Amino acid sequence: MKIDIFCRVIDFWGDVAVSWRLACALKKVQPQWDIAYYCDDWQPWCTLMGMAKVPEYYQGIALKNYQQKSYAQADIALEMLAGGLPKNYPAPKSMSVNVEYLTAEDWGADCHLKQSFPKPHFFFLPGISQGTGGLVFGDFFEKQVFVQDIKVQRLAWAKKMGLKLDPERNWVSCYLYQISAHSLQNAQESIFLGPALPHLKPDFGYFVPMTLAQYDELLWLCDQHLVRGEDSLSRAMLTGKPFLWQAYPQENEDHEKKVQALINQISQQEPTEKEMLKRHFFSLNKQQRIDWALWQKEQNHLARNFKELQKRVIALGSQEMLLSHFILQKNL
């Protein structure tokens, strides 16, 4: 089966990370499929892969420029994140699927796998609740580090990255749009690690450029996560560790609905714990700050919520399996 995946880069990192992870995960579960990945900006892909130039094939996937003079007809076309398909792209033999943005909102299940008429076009909604399309697993769980050897693995990872770090301290992954320097100044017991954040001074942590693979390794090594957007959020949820999420700011503060929906998913039963989460999540999203002492203290009450969320997401099934099953079902 020939599958074409199209990525148009609007968010420099996020669109590439989300779409490329799905491409690799589909190839992993369906190695016999002929998958081509089309992208209109290869610079972020090269950075995230740690490569100087784009090869013709990588991990068994053909890499092609988004705009071509002509295209071979595919069986299935996946348009990532509502990016659309090129105007001269021929209609696929079977169908096209719009793989939408991740949502924790209730309407996700209502729209998932719905058809757009008159052409055979379907909506696939990634999510974390029943009736949605799940999260991409890929090889993430193969990189899991367990408590008994986490110190050894931390030292090995730090050496590989050229960093001198204390494996006994609290490790925090930090990948945000914005955070006040004051928030990090008050977190003396923690080491902050993550992709470079240009608005922060180096003495607030070790912020280094890293590939997607290095970031995945880091997430398993950290005690907690500060994440943004979709890709880092998805990975944080899969670790089962405490995290705070910064949504992409939208007009009319629509992003706050997404934040509240995620809080509702994390804590489904305990009103007290939900209020704790709301305080910290909205402090980060409204004031770009964290009350670090309080966040650390209340994690003792909240840790169970994040582990339960991880269990529910795993039970839902991986996005690549759910999507491949849907494709095969439609092509019987």
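What counts, and where the lines are drawn
Residues numbered from 1 in each chain as written. Predicted model: local features only at pLDDT ≥ 70, side-chain atom pairs only at ≥ 80, totals over all residues. Heavy atoms only, no water. Pairing = 2+ DSSP bridges. Helix = DSSP H or I, 4+ residues; strand = E, 2+ residues; numbered from the N terminus. Contact = heavy atoms within 4.5 Å. Axes fitted to C-alpha atoms, helices over the stretch in contact; angles between N-to-C directions. Buried < 20%, exposed > 50% of the residue type's maximum accessible area, 1.4 Å probe, protein only. 1 Å grid on protein atoms, 1.4 Å probe; cavity = no way out; pocket = protein on both sides within 12 Å on 5 of 7 lines; lining within 4 Å. Points joined across faces, edges and corners; volume = space filled by probe spheres on them.

1. A word on the sheet that holds strand β3 (residues 57-58)
Phase 1: Read from one edge to the other, the open sheet built from eight strands follows the order β3-β4-β2-β1-β5-β6-β8-β7, with strand pairing classed as mixed. Looking at the sheet topology across the chains shown, the edges are occupied by β3 and β7 (115-116).
Phase 2: Here strand β5 (residues 76-80) pairs with strand β6 (residues 95-99) via five bridges, running parallel. Directly across from Glu79, in β6, lies its bridge partner Asn98.
Phase 3: Running over the sheet, helix α11 (residues 319-330) touches β5, β6 and β8 (121-124) and is turned about 160° from β6.

2. Description of the pairing of β5
Phase 1: Among the five residues of β5, five are classified as buried, and the element is accordingly described as predominantly covered.
Phase 2: Where burial is concerned, the two faces of β5 agree: the one with Ile76, Leu78 and Met80 and the one with Ala77 and Glu79 are both buried.
Phase 3: Bridge count for strand β1 (residues 2-7) against β5 is four bridges, and the pairing is parallel. Along β5, the bridge assignment pairs Ile5 with Leu78.

3. Some thoughts on empty space enclosed by the protein
Phase 1: Scanning all chains against the criterion turns up one cavity of 30 Å³ or more.
Phase 2: Lining the largest cavity are 16 residues, and of these Val18, Val136, Glu230, Ser234 and Gln319 lie nearest its centre.
Phase 3: For the lining of the largest cavity, the secondary structure elements donating two or more residues are α1 (14-29) and α7 (231-239).

Interpretation note: all reported values are geometric properties and have no functional meaning in isolation.
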